[in-house]
Amino acid sequence: MWTALVIVLASVVVTAIACILFGRSRAHEQADDRDADSRGFLGAVISGLFIVALAFYVVIVWEESGAAEDNASREAAAVADVYWQTAVMPQPQRDHIRSLLTEYPKLVADKEWPRLAAGESDDTTTDTLNSLHSEILSLPASPDQVKSARERSLERMREITDLRRDRLDSAGGLDNTGVLMLFGTIAGAVGMIVFPLLIGFTARRRHVLQMSLTAAVLAFVCVLCVGMTQPFSGVLRVEPESFTGLSEELAGIPVEENR
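Residues numbered from 1 in each chain as written. Predicted model: local features only at pLDDT ≥ 70, side-chain atom pairs only at ≥ 80, totals over all residues. Heavy atoms only, no water.

Trainee: Which residues make up the packing of helix α4 (residues 93-116) against helix α5 (residues 123-137), and what values do they have?
Mentor: A pair of packed helices can be characterised by two numbers: the angle between their axes and the separation between those axes. Relative orientation of the contacting elements α4 and α5 amounts to 160°, with a least axis distance of 9 Å. The angle between the axes of α4 and α5 places the two elements in the roughly antiparallel class. Pair α4 / α5 crosses with left-handed handedness. Here Gln93, His96, Ile97, Leu100, Leu101, Glu103, Tyr104, Leu107, Val108, Lys111 and Glu112 of α4 lie close against α5, whose contacting residues are Thr124, Thr125, Thr128, Leu129, Ser131, Leu132, Glu135 and Ile136. Of the residues in the contact of α4 with α5, the class split is nine nonpolar, six polar and four charged. (Axes fitted to C-alpha atoms, helices over the stretch in contact; angles between N-to-C directions. Helix = DSSP H or I, 4+ residues; strand = E, 2+ residues; numbered from the N terminus. Parallel < 35°, antiparallel > 145°, perpendicular 65-115°, else oblique. Left-handed = near helix turned anticlockwise from the far one by under 90°. Contact = heavy atoms within 4.5 Å. Nonpolar A, V, L, I, M, F, W, Y, C, P; charged D, E, K, R; others polar.)

Encoded structure:
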């Protein structure tokens, strides 16, 4: 928050100083007025490119955030499905598998999720997932009920592994297209401030105020864009609600129903 405020204020100060130092006189503006149409056209082109890049960037980030949230919900649902499959599993595997299934969402929410903001995974969560997979693989292939539960659980385990891999990939930040759109957004914002100074923006008070306000808005937009590069941090960060809710759901399942 304070970093964003400092960046916005710095952009306003720099823009105001640049307008005062490099702003041209009114006489020069009047003498050069025959080029007003071409200057206005070029300014509109720069503004249009900035808006297009910003729109594409917001769509990319929004979709990435939505996909991360949807994948987390699907991952939690797959864990719950495996838990219900344990009803027909033999002892002692059943209790061990249930223990691992109960531990997994807690590890994801409490340990791995905070590390996702830095693009990292949690080794304990990885070990728990591997142990869970091994325990299910060790189940007998008979009778038919156990065989069916084993196959369905393995199918769900593959889904959990794939969704977790997608979650870790998303934690790495933007893809190449997203990075390009972010660069275009920042470059367009800078161009909207630099271009008027280059083509002869005057240093009159109202012009300095207009440019300062524009710089503040553009700097704030760019700070927001940079803050949205990662779906697990920043303004649109995804919270581990699916896994915290799953822990409560599993804890509320009566043991008697799963014997």
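More follows now that the structure is in view.
Trainee: Go over a nonpolar patch on the surface with me, naming the residues and quoting the values.
Mentor: Taken together, the side chains of Ile186, Val190, Val194, Leu198 and Val226 define a hydrophobic patch exposed on the protein surface, amounting to about 400 Å² of accessible area. In terms of residue count, helix α7 (residues 176-199) provides more of the nonpolar patch than any other element does, four residues in total. Examined against the element boundaries, valine 194 turns out to sit in helix α7. (Patch = residues over 30% accessible without salt bridge, like charges linked within 9 Å, V, L, I, M, F, W, Y side chains within 5 Å. Areas by Shrake-Rupley, 256 points an atom, 1.4 Å probe, with all protein chains shown as cover. Salt bridge = Lys/Arg side-chain N within 4 Å of Asp/Glu carboxyl O.)

Trainee: Let's hear about helix α8 (residues 205-227): which residues, and what values?
Mentor: Note on helix geometry: an α-helix contains 3.6 residues per turn, so any two residues three or four positions apart are oriented the same way. For α8, spanning 23 residues, the distance from its first C-alpha to its last is 33 Å, which sits close to the expected 33 Å at 1.5 Å a residue. For α8, the set of buried residues is His207, Val208, Met211, Ser212, Ala215, Ala216, Leu218, Ala219, Cys222 and Cys225. (Expected span 1.5 Å × (residues − 1). Buried < 20%, exposed > 50% of the residue type's maximum accessible area, 1.4 Å probe, protein only.)

Trainee: Lay out helix α9 (residues 241-251) in plain terms, naming residues and giving numbers.
Mentor: Residues of α9 that are buried include every one of Phe243, Leu246, Ser247 and Leu250, and no others. Within α9, the buried residues cover an arc of 100° as seen down the axis, which keeps them to one side. Set apart from the buried face of α9 by more than 90 degrees, the exposed residues are Glu241 and Glu248. (Arc of directions from axis to C-beta.)

Trainee: Give me unusual backbone geometry: which residues, what numbers.
Mentor: Following glutamine 91, the chain continues to proline 92 via a peptide bond in cis, the omega torsion being 0°. Structurally, proline 92 can be placed in the loop between α3 (36-85) and α4. Residue proline 143 follows serine 142 across a cis peptide bond; omega there is 0°. Locating proline 143 in the fold gives a position in the loop between α5 and α6 (144-170).

Trainee: Mind laying out the packing of α7 against α8, listing which residues take part and the relevant values?
Mentor: In contact at an axis separation of 10 Å, α7 and α8 are set at 170° when each is read in the N-to-C sense. By the angle class used here, α7 and α8 are roughly antiparallel. Side by side, α7 and α8 meet where Leu182, Thr185, Ile186, Ala189, Met192, Ile193 and Pro196 of the first sit next to Met211, Thr214, Ala215, Leu218, Cys222, Cys225 and Val226 of the second. Among the residues making up the contact of α7 with α8, the classes are represented as 12 nonpolar, two polar and no charged.

Trainee: Tell me about the side chain of threonine 185, and please be specific about residues and values.
Mentor: Within the secondary structure layout, threonine 185 lies in helix α7. Apart from residues no more than four positions distant in its own chain, threonine 185 is found in contact with Phe50, Ala53, Leu54, Tyr57, Cys222 and Cys225.

Trainee: I'd like a description of the environment of isoleucine 160, backed by residues and values.
Mentor: Relative to the elements of secondary structure, isoleucine 160 occurs in helix α6. In the structure, isoleucine 160 is positioned 81 residues away from valine 79 in sequence and 7.2 Å away in space, judged by C-alpha atoms. Setting aside residues up to four positions removed in sequence, isoleucine 160 forms contacts with Glu75, Ala78, Val79, Val82, Tyr104 and Leu129.

Trainee: How would you summarise the environment of tryptophan 84 if you had to cite specific residues and measurements?
Mentor: Along the chain, the position of tryptophan 84 falls in helix α3. In this structure tryptophan 84 comes out as partly exposed when scored by relative accessible area, which is 41%. Residues tryptophan 84 and arginine 98, 14 residues apart in the sequence, show an inter-C-alpha distance of 9.2 Å.

Trainee: Describe the environment of phenylalanine 243, and please don't skip the residues or the numbers.
Mentor: The residue phenylalanine 243 is located in helix α9 in this model. Among all residues touching phenylalanine 243, those that are not within four sequence positions of it are Ala72, Glu75, Ala76, Tyr104, Pro105, Val108, Ala109 and Trp113.

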